[in-house]
Amino acid sequence: MKYTSLGRTGLQVSRLCLGTMNFGPQSSEALSFAIMDQALEKGINFFDTANVYGVFTANGDTSHLHLGLTEEIVGRWLAQAGRRDQIVLATKVYGKVGEGVNERGLSAYHIRKACEDSLRRLKTDHIDLYQMHHIERSTPWEEIWQAMEKLVREGKVIYVGSSNFAGWDIATAQSAAQARHFMGLVSEQSLYSLTDRMIELEVIPACRHYGLGLIPYSTLAGGLLGGALSKASEGRRAGRHQVQRIEAHRSQLEAYEALCRELGEAPSDIAQAWVLHNPVVTAPIIGPRTVEQLTGSLRALDISIPVETMQRLDGIFPGPGGEAPNAYAW
């Protein structure tokens, strides 16, 4: 396994981050344990979850909600001897976790309670990376940072990160943190893949400027970049929504999968390797539903993409044109 610093911090994390969103809804607790066992064995020390993960579907009925289920599964795995100190544990706060008017968002009131609840579910006394799952511009940064500083002083949180922030949100957050002589954000978790490159405009430049590590999610674009056309030709069934997405991107996917065949690599591995090629990226999130999927994800770490191939990928999946403002102004 390869390791790198989490943004400008001295903390070393694996170049792949284990995402746990499928634990509970898609993967049983026993299978989730097996995936985490294998991840740790392979050297993945960076685990990501969230307090709102764990929507449980039974017999097609999505009304069975168990928010926090995923944290509980991770917590029971962590409770086994020696596990906690071997991983960097990340979770999130923001989403609605109850019917009360204050059971969501980034108020100091909610941050405090949400952190305590996550600590209880995760069966630990501290969270290594506590991420704001979304921006809430109606809550002042003075309030947010006051709450986060308190958690850091108490030893309940080590680092603070963001997720789904705009570039100017990152800048505003860091300016407010600097005024309080607080470290502020150390990472940003964003949607990023060959088909979703909008963050190249302003989020990636902001991360580079402020020293935030970028943690991309959905790097396979919901399976679209995982060989969707090839799988369809093999007779594998896909949902209606996925079929519509495939048709909308068919010409691009045909060119992309042909290029991957030429390179002799799986489309999913090239997609992950492309994300890892960006120097701002700390660790893309992988969300395996099986141990085999986890093991297969490791191949991307060993793929080096030549400049010519990067240019061909840009031709198939054009980004926003570079960084702002050069992307849209002289």
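Our subject in this report is the structure included herewith.

Before going further, it helps to examine helix 2 (residues 69–78). Counting buried positions along helix 2 gives eight out of 10 residues, so the element sits mostly inside the fold. Every buried residue belonging to helix 2 is among Leu69, Thr70, Glu71, Ile73, Val74, Gly75, Trp77 and Leu78, and all of these are buried. Residues of helix 2 that are buried in the fold lie against helix 1 (29–41), strand 4 (46–48), strand 5 (88–93) and helix 3 (108–122).

On to the side chain of glutamate 71, then. In this fold, glutamate 71 is placed in helix 2. A polar contact of 2.6 Å, which involves the side chain of glutamate 71, links it to the side chain of threonine 91. Every residue in contact with glutamate 71, bar those within four places of it in the chain, is listed here: Thr49, Ala50, Asn51, Thr91, Ser118, Arg121 and Leu122.

Looking now at the state of the cysteines. Evaluated as defined, the whole model comprises zero disulfides. This cysteine, cysteine 207, is not joined by any disulfide, and cysteine 17 carries the nearest cysteine sulfur, 15 Å off.

Next up on the list: the environment of glutamine 174. Locating glutamine 174 in the fold gives a position in helix 5 (residues 167–179). What makes glutamine 174 buried here is its relative accessible area of 2%.

On to the packing of aromatic side chains. By the definition in use, this model includes six aromatic pairs. Site record: aromatic cluster; members linked through ring pairs are Trp141, Trp145, Phe165 and Phe182.

Viewed as axis vectors pointing N to C, helix 2 and helix 3 meet at an angle of 50 degrees, and their least axial separation amounts to 7 Å. Relative to helix 3, helix 2 is oriented oblique. Only Ser118, Arg121 and Leu122 of helix 3 make contact with helix 2, whose side of the interface consists of Glu71, Glu72, Val74, Gly75 and Leu78. Residue composition of the contact of helix 2 with helix 3, by class: three nonpolar, two polar and three charged.

Reading the values: rules and limits
- Residues numbered from 1 in each chain as written.
- Predicted model: local features only at pLDDT ≥ 70, side-chain atom pairs only at ≥ 80, totals over all residues.
- Heavy atoms only, no water.
- Buried < 20%, exposed > 50% of the residue type's maximum accessible area, 1.4 Å probe, protein only.
- Helix = DSSP H or I, 4+ residues; strand = E, 2+ residues; numbered from the N terminus.
- Contact = heavy atoms within 4.5 Å.
- Polar contact = N/O pair within 3.5 Å; in protein donor to acceptor, adjacent residues only side chain to side chain.
- Disulfide = S-S within 2.5 Å.
- Phe/Tyr/Trp six-rings, centres within 6.5 Å; stacked < 30°, edge-to-face > 60°.
- Axes fitted to C-alpha atoms, helices over the stretch in contact; angles between N-to-C directions.
- Parallel < 35°, antiparallel > 145°, perpendicular 65-115°, else oblique.
- Nonpolar A, V, L, I, M, F, W, Y, C, P; charged D, E, K, R; others polar.

Geometric values such as these leave the question of function open.
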